[in-house]
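Working through the structure, step by step
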Protein chains: 2
Amino acid sequence: MDNRSSRKQKKVCPSLRGHIWIEGSEGTFLGYGRIALLERIREYGSITKAAKSLEMPYRKAWLLIDSMNQQVPKPYVVTSAGGRRGGGTRVTPEGEKAIKVFWKIHAKFQKFLMSQAGVVSSICK
Amino acid sequence: MDNRSSRKQKKVCPSLRGHIWIEGSEGTFLGYGRIALLERIREYGSITKAAKSLEMPYRKAWLLIDSMNQQVPKPYVVTSAGGRRGGGTRVTPEGEKAIKVFWKIHAKFQKFLMSQAGVVSSICK
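So, here is what we can say about the structure in this document. These figures come from a predicted structure and were not determined experimentally.

Brief notes about the environment of Ile20(A)
Residue and element names in this part refer to chain A. Mapped onto the fold, Ile 20 is located in strand 1 (residues 15–24). In this structure Ile 20 comes out as buried when scored by relative accessible area, which is 1%. Between the C-alpha atoms of Ile 20 and Tyr 76, which are 56 residues apart in sequence, the distance is 20 Å.

Written out as structure tokens, the structure reads:
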């Protein structure tokens, strides 16, 4: 354990990392994975394509969206069936707002992490 | 997906959660698990007992400690062999400082999370 001869004699100057998520009454409500999924649905207009682009099984993507939709008064993702070109899936204004709020908090979180650099580096000394 | 009849009509008033860790050049350097282990070693004076109290295999505990020790100039845990009562394992002053610094940052992080409550709850509206 205290094998000084093999220990690297370099100083660790580590960095603070972390992640955040928004927790609802039924577990995770919004996190990086769900945000990525919403953004891909916005991009592709399709859960199938969004899931594929994230290498996520369709079933998992559907469950994540359903979980979000079930927890809010107005859904984040809606699918309109029919029409000449078939149904379309889109992110609602409420979903867009959630994406925006999440990234806003994430940006502040990154600032927080950086603000602690001095405290973290005190471990090096 | 947009099955309004089955959707719960309650508002989600979610809370922001997260976790943090200190990352070194070789991956995680300090996180909640490693801090808990250091604290248990301090309590029990034994890696075996510390690991057992956390329901962690001894081998895993040893590897976590070795990983920390390898990344710093002065080890966080030392084992002294021999003596009438056998060897003892203890957390060094450097290890104690790391524990203190980690919890200090954690406390600030909790304050940060709470400070975002207003932004998070804007999703509810």
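Focus: the sheet that holds strand 1 (residues 15–24) of chain B
Read from one edge to the other, the open sheet built from 4 strands follows the order 2(A)-1(A)-1(B)-2(B), with strand pairing classed as antiparallel. The open sheet has two free edges, formed respectively by strand 2 (27–30) of chain A together with strand 2 (27–30) of chain B, since each of these has just one partner strand. Mean inter-strand twist for the sheet, computed between neighbouring axes without regard to direction, equals 60 degrees. Along the sheet, helix 1 (residues 32–44) of chain B contacts strand 1 and strand 2 of chain B; its crossing angle with strand 2 of chain B, the most-contacted strand, is approximately 40 degrees. Across the sheet, helix 4 (residues 93–115) of chain B touches strand 1 of chain A together with strand 1 and strand 2 of chain B, and the angle it forms with strand 1 of chain B is around 150 degrees.

Some thoughts on helix 4 (residues 93–115) of chain A
Spanning 23 residues, helix 4 of chain A covers 33 Å between terminal C-alpha atoms, matching the ideal 33 Å at 1.5 Å per step. Of all the positions in helix 4 of chain A, only Gly95(A), Ala98(A), Ile99(A), Val101(A), Phe102(A), Ile105(A), His106(A), Phe109(A), Phe112(A) and Leu113(A) are classed as buried.

Regarding the pairing of strand 1 of chain B
Consecutive side chains of a regular strand alternate in pointing toward one face of the sheet and then the other. Of all 10 residues in strand 1 of chain B, 7 are buried, a share of seventy percent or more. Pairing of strand 1 of chain A with strand 1 of chain B, which is carried by 9 bridges, proceeds in the antiparallel orientation. Looking at the pairing, Glu23(A) lines up with Ser15(B) of strand 1 of chain B. Relative to strand 2 of chain B, strand 1 of chain B runs antiparallel, the two sharing 3 bridges.

With respect to the interface of chain A and chain B
On the side of chain B, 53 residues touch chain A, which itself brings 54 residues to the contact. Buried surface at the junction of chain A and chain B, both sides included, amounts to about 4700 Å², of which 62% is carbon and sulfur. Viewed at the interface, chain B and chain A are joined by 2 salt bridges. Of the charged contacts, one joins Glu23(A) and Arg17(B) as a salt bridge, the two residues approaching to 3.7 Å between their closest N and O atoms. Where the side of chain A that touches chain B is concerned, the elements lending two or more residues are strand 1, strand 2, helix 3 (58–71), strand 3 (77–80), helix 4 and helix 5 (117–121) of chain A. Looking at the side of chain A that touches chain B, the element that brings in the most residues is strand 1 of chain A, giving 10 residues. When grouped by side-chain class, the residues that make up the side of chain A that touches chain B number 28 nonpolar, 13 polar and 13 charged.

The rules we used
Residues numbered from 1 in each chain as written. Chains lettered and ligands numbered in written order. Predicted model: local features only at pLDDT ≥ 70, side-chain atom pairs only at ≥ 80, totals over all residues. Heavy atoms only, no water. Helix = DSSP H or I, 4+ residues; strand = E, 2+ residues; numbered from the N terminus. Buried < 20%, exposed > 50% of the residue type's maximum accessible area, 1.4 Å probe, protein only. Pairing = 2+ DSSP bridges. Axes fitted to C-alpha atoms, helices over the stretch in contact; angles between N-to-C directions. Contact = heavy atoms within 4.5 Å. Expected span 1.5 Å × (residues − 1). Buried area = accessible area lost by both parts, 1.4 Å probe. Salt bridge = Lys/Arg side-chain N within 4 Å of Asp/Glu carboxyl O. Nonpolar A, V, L, I, M, F, W, Y, C, P; charged D, E, K, R; others polar.

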